[in-house]
Amino acid sequence: DEKTAKDIIAQLNKGANFADLAKKYSIDPGSKTRGGDLGWSDGSNFVPEFTKAMQGLQKGKYTTAPVKSQFGFHIIRLNDTKVG
């Protein structure tokens with residue numbers, strides 16, 4: 001929910017580890033055990049709200065506000081990028 005997502009962002013702002021928080025709070029069975037890691041993607045396999053937020057991030061940064069989609073609220077961290 002949005003309140004939990006905002007609480008997680010507050011924890012990240014205080015230096016908490018993204019992967020540890022994802023393992024604790026995520027409800028996505030596909031990425032929870034991997035610390036929220038969704039693997040490489042250009043965003044085409046995600047819902048538009050997620051892709052837009054992901055594409056607006058710089059490497060190593062996370063969304064500073066929860067991203068709402070039909071699946072709930074997301075906090076997205078961009079680990080790396082590829083050129084070409």
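Residues numbered from 1 in each chain as written. Predicted model: local features only at pLDDT ≥ 70, side-chain atom pairs only at ≥ 80, totals over all residues. Heavy atoms only, no water.

Another point: the environment of Lys59. With respect to the helices, strands and loops of the structure, Lys59 is situated in the loop between helix H3 (48-55) and strand S1 (67-69). C-alpha separation for the pair Lys59 and Asp80, spaced 21 residues apart in sequence, amounts to 5.2 Å. With sequence-adjacent residues up to four places away left out, Lys59 is seen in contact with Leu78, Asn79 and Asp80. Side-chain polar atoms of Lys59 contact the side chain of Asp80, separated by 3.2 Å. (Helix = DSSP H or I, 4+ residues; strand = E, 2+ residues; numbered from the N terminus. Contact = heavy atoms within 4.5 Å. Polar contact = N/O pair within 3.5 Å; in protein donor to acceptor, adjacent residues only side chain to side chain.)

Moving on to the environment of Tyr25. Counting through the fold element by element, Tyr25 comes out in helix H2 (residues 18-25). Here Tyr25 falls in the partly exposed class, since its relative accessible area comes to 31%. Along the chain, Tyr25 and Lys61 lie 36 residues apart, while their C-alpha atoms are 19 Å from each other. Each residue touching Tyr25, except ones within four places of it in the same chain, is listed here: Thr4, Ile8 and Gln11. (Buried < 20%, exposed > 50% of the residue type's maximum accessible area, 1.4 Å probe, protein only.)

Our focus in this paragraph is the packing of aromatic side chains. Two measures describe an aromatic ring pair: the distance that separates the ring centres and the angle between the ring planes. Inspection of the entire model under this criterion finds 1 aromatic pair. A cation over an aromatic ring shows up here: Lys82 above the ring of Trp40, its NZ or CZ 4.4 Å from the ring centre. (Phe/Tyr/Trp six-rings, centres within 6.5 Å; stacked < 30°, edge-to-face > 60°. Lys NZ or Arg CZ within 6 Å of the ring centre and 35° of its normal.)

Relative to the elements of secondary structure, Ser26 occurs in the loop between H2 and H3. In terms of polar contacts, Ser26 uses its side chain to reach the backbone amide nitrogen of Asp28, at 3.1 Å. Not counting the four nearest positions on each side in its chain, Ser26 is found in contact with Leu21, Ser31 and Lys32.

Of all the positions in H2, only Phe18, Leu21 and Ala22 are classed as buried. Burial along H2 is one-sided: seen end-on, the buried residues are contained in an arc of 100°. Against helix H1 (2-13) lie the buried residues of H2. Its side-chain oxygen 2.9 Å from the backbone nitrogen of Ala19, Asn17 forms the N-cap of H2. (Arc of directions from axis to C-beta.)

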